[in-house]
Amino acid sequence: MKLYFKYMSILLKSQMQYRASFWLLSIGQFFVPFSVFAGLYFLFERFGSIRGWSFFEVALCFGVINMAFSITECFVRGFDIFSNLVVSGDFDRVLLRPRSTFIQVLGSQFEFTRLGRLLQGVIVLVWAAVNLSIRWTVFKIITLILMIISGIFIFTGIFVLAATLCFWTIQGIEVANIFTYGGKEISQYPLNIYKKWITRFFTFIIPFGCVNYLPLMYLLDRTQYNYHFYMLTPLIGILFIIPCLGVWEMGVKHYRSTGS
Amino acid sequence: MPQIEVSGIYKTFKVARRSSGLRQAVKSLFYREYDTVEALKDVSFTVDTGEIVGYIGPNGAGKSTTIKIISGILVPDRGKCTILGRVPWKERISHVRNIGVVFGQRTQLWWDVPVIDSYELLRDIYKIPRREYMNNLDLLVDTLDLKGIINTPVRQLSLGQRMRCELGASLLHSPGILFLDEPTIGLDAESKIAVRQFIKTINREKNVTVILTTHDMSDIEALANRILLIGNGRIVYDGNLNDLKGRFSTHKTIIINFREYNSPIDDKTLGIPGVSIVSCSQEKLTLRVDGNGILLTDIISRLSNIVDIVDISVESQPIDELIVKLYREYVI
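Residues numbered from 1 in each chain as written. Chains lettered and ligands numbered in written order. Predicted model: local features only at pLDDT ≥ 70, side-chain atom pairs only at ≥ 80, totals over all residues. Heavy atoms only, no water.

## A closer look at the overall build of chain A
Consideration 1: Within chain A, the secondary structure is distributed over 14 helices and zero strands.
Consideration 2: Ordered by position from N to C terminus, the α and β elements of chain A give α-α-α-α-α-α-α-α-α-α-α-α-α-α.
Consideration 3: For 260 residues, the compact-globule estimate of 2.2 N^0.38 gives 18 Å, and the C-alpha radius of gyration of chain A, at 19 Å, lies within 12% of that figure.
Consideration 4: Principal-axis analysis of the C-alpha atoms places the extent of chain A at approximately 55 × 40 × 35 Å.
Consideration 5: The buried share of chain A, taken over its 260 residues, is 54%. (Helix = DSSP H or I, 4+ residues; strand = E, 2+ residues; numbered from the N terminus. Rg over C-alpha atoms; globule rule 2.2 N^0.38 Å. Buried < 20%, exposed > 50% of the residue type's maximum accessible area, 1.4 Å probe, protein only.)

## Here's the deal with helix H12 (residues 319-329) of chain B
Consideration 1: Listed as buried for H12(B) are Ile319(B), Leu322(B), Ile323(B), Leu326(B) and Tyr327(B). On an axial view of H12(B), the arc spanned by its buried residues comes to 140°, and they lie on one face. (Arc of directions from axis to C-beta.)

## Comments concerning the domain arrangement of chain B
Consideration 1: Annotation of chain B at the domain level lists domain 1 (4-246) and domain 2 (250-316).
Consideration 2: The distance between the C-alpha centroids of domain 1 of chain B and domain 2 of chain B comes to 45 Å. (Domains from an automatic or database assignment.)

## Here's the deal with the pairing of strand S7 (residues 209-213) of chain B
Residue and element names in this part refer to chain B.
Consideration 1: Most of S7 sits inside the fold, with five of its five residues counted as buried.
Consideration 2: Judged from the four bridges that link them, strand S3 (residues 52-56) and S7 form a sheet pairing that is parallel. Residue pairing in the sheet places Ile-52 in a bridge with Val-210 of S7.
Consideration 3: For the handedness criterion, the β-α-β arrangement of strand S6 (residues 177-181), helix H7 (residues 189-206) and S7 is classed as right-handed. (Pairing = 2+ DSSP bridges. Right-handed = clockwise from strand over helix to strand, strands pointing away.)

## A word on a nonpolar patch on the surface
Consideration 1: Residues Trp23(A), Ile27(A), Phe31(A) and Phe34(A) make up a contiguous nonpolar surface patch of roughly 460 Å² in combined accessible area.
Consideration 2: Along the chain, Trp23(A) falls in helix H2 (residues 19-47). (Patch = residues over 30% accessible without salt bridge, like charges linked within 9 Å, V, L, I, M, F, W, Y side chains within 5 Å. Areas by Shrake-Rupley, 256 points an atom, 1.4 Å probe, with all protein chains shown as cover. Salt bridge = Lys/Arg side-chain N within 4 Å of Asp/Glu carboxyl O.)

## Comments concerning the sheet that holds strand S12 (residues 284-290) of chain B
Residue and element names in this part refer to chain B.
Consideration 1: In space, the four strands of this open sheet follow the order S11-S12-S10-S13, with antiparallel pairing throughout. Bordering the open sheet on either side are strand S11 (275-280) and strand S13 (309-316), each of which pairs with just one other strand. Averaged over all pairs of adjacent strands, the angle between strand axes in this sheet comes to 20°, irrespective of strand direction.
Consideration 2: With seven bridges connecting them, strand S10 (residues 251-258) and S13 associate as antiparallel partners. By the bridge assignment, Ile-256 is partnered in S13 with Ile-312.
Consideration 3: With respect to the sheet, helix H11 (residues 296-304) is in contact with S10, S11, S12 and S13, its orientation differing from that of S13 by roughly 155°. (Axes fitted to C-alpha atoms, helices over the stretch in contact; angles between N-to-C directions. Contact = heavy atoms within 4.5 Å.)

## Considerations on the pattern of salt bridges
All names here are of chain B.
Consideration 1: Applying the stated rule across the entire model yields 24 salt bridges over all chains.
Consideration 2: Here Glu-120 ties to Arg-123 by a salt bridge, and the two come within 3.6 Å at their closest N and O atoms. Pair noted here: Glu-120 and Arg-123 are both in helix H4 (residues 115-125), with a separation of three residues, about one helical turn.
Consideration 3: Residue Glu-120 is classed as partly exposed on the basis of its relative accessible area of 27%.
Consideration 4: A salt bridge links Glu-120 to Arg-130; the nearest nitrogen and oxygen atoms lie 3.9 Å apart.

Below you can see the structure in the form of C-alpha cells.
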C-alpha cells in the first residue's frame, strides 16, 4: 500500500510538469458529464418520472455511479490503458520487478484530472440527497458510502477483465468498452427500468444491482422486509473483484508462455 | 557450482500467419492460421560467478528469448534452468530481486521526473534497506559520473547520459547477475567507452556476473572473456574469443615502412612461403601472412637485411569478418 502511494506521488509529479494542461483537463472533465446530467434533467422535466422513480431518486443513483466511476478512472487508470503496456513491451519490465503484477499495473498510471468529474458527482449527489425526503440515519449514510465503494470495486473488476483481454487480442479492446462505459451508462439509472435480461445480467453477472437498485430501495424505505439484506448488498458487489483477479492471473500466465 | 545453469531449453512460438487482401483480413477475424516457430532448440550452458559472457548471434536467432527465459519473463516449453538455486519462472519474485536487467532500447526510468526520483521509487519497489541504498547510490554516482544529471528529468537527457542512469538503476539493489541487452546501441564513441569501463569496474569490484548481448563486436572484444554464439535457436559456439580467432582467422596484414629503397621487392627476394606481397612502393610494403605457423621474427630479420625499417604495424582480420564467417560456417 505504501508503494502504491509512492507510485501516485511520482506520477502526480509527472503530470504537474504540464501544469496548464492538467488544469484545463480537470476543468474539462468537470463539464463533460454535465451535458449528460442536463439530458437527464430535461428527460424528467418532460416525463415526470420513469417507472415510479422521481428525478432526485435517479439523480442520487447518477451521483453514486459517477463518483465511483471517476474515482476508478483516476486510480485504476493503469488497467484502463493497459494495452499500451503490452504493445510497447513494457509489461516485461513489470515482470522483472519483485512485486505483484497487480500493484505495478495499478501504479503505472493515474489520471488525476478525473477528479474534476468526481466533484460533479459529489455536487449531484448532495443536491439529490438534500431534495429527497429521506430520513438520514447512520446506517443509511454507511450504506451510501458502501454503495460508492462497491461501485469502485465493480468498475475496477471490469477494467481488470478488459485489460486481461489484451493478453489475447489488442483489437478486442473495443468490445470491453461495452462493459466499462456501457456499464456506467446503464447503471446511472435504477436497474429495474430495463428489460428483464439486462437487469439480470447487471445483477448476477456484473453486480451493478448491488450498487444501485437494491441498496437504493433501502435508502428510499421501499423495502417491506429484510432491509438488513438490502443494506448489505453493496458488500456482495465488492466480492466481484475476486474472480476478476483470478482471471487476471490466468492472463499473466498466458502472456508468460506466449510472450505476446 | 555454477551460478547459472541452463540445460535443454526448448521454446516454440505460434505466429499468426498474415495474408494480404481484404477478404483474408476479414477471414482472420474469425479463424487464424498459425505458423510454429522454434525459437530455441536444446539450449544449454552454464555461467560461473564473476564471468562476463558475450551472447551473440544474428537478429532473430533467439538471443532475446533466452534472456527473457533466464530473467523469468517467459516460461520455456521444456528444459531446466537454475539461477542462484532458483527456477526463474517458478519463483519470479525472489528471482528478480537478485538480477538486474537493462534493455538498450527501452527505459526503466520514469520519463518526466528527475532520475533521483526514479531511483527512490526503485528503492521502495525492491525494498532496499536505507543504508545499502545510500552506499550503492554513492558508488554509482561516482563511477558513472551522475552527479550533474541526477536531478534532471529523464526526457531531457541524451542517450549516453540516459544509458548511464539505466545502468545505475539496474544495480541499486546489488544484484548478483546483470543482463545487458544491447547496452551500447546508438551511443557515441565516448559514451560507449564509459559504459564498457563501468561494466568492467562493477564486474571486478562487486564480482557481478554479466551476460551481454550486442551486435557491436568491439564491445565483446573489450569486455567478454567468453562468447556464446546462437544461431537458429541453437548454441553453436561456446568458448573464448582467442580460440575463436585462432580457429577462424586465416590471415594477418603486416604494413612495413622503411627508408627510401629503390629496387623493387618481390616474393622471391623475400623468400618466405606463406607470405605474399600485396603492394610495394619505395617506402612502404604491405604483406599478407596466411596461417599461424609463420614467425614474425623471420619476416623482420629477412627484411632488415634489405631495408632500414622505420615502423611496423600488424593488423588481424577484423572480428566482424570473423563473425560473418562463423555465421556462414554454421549456416545461420
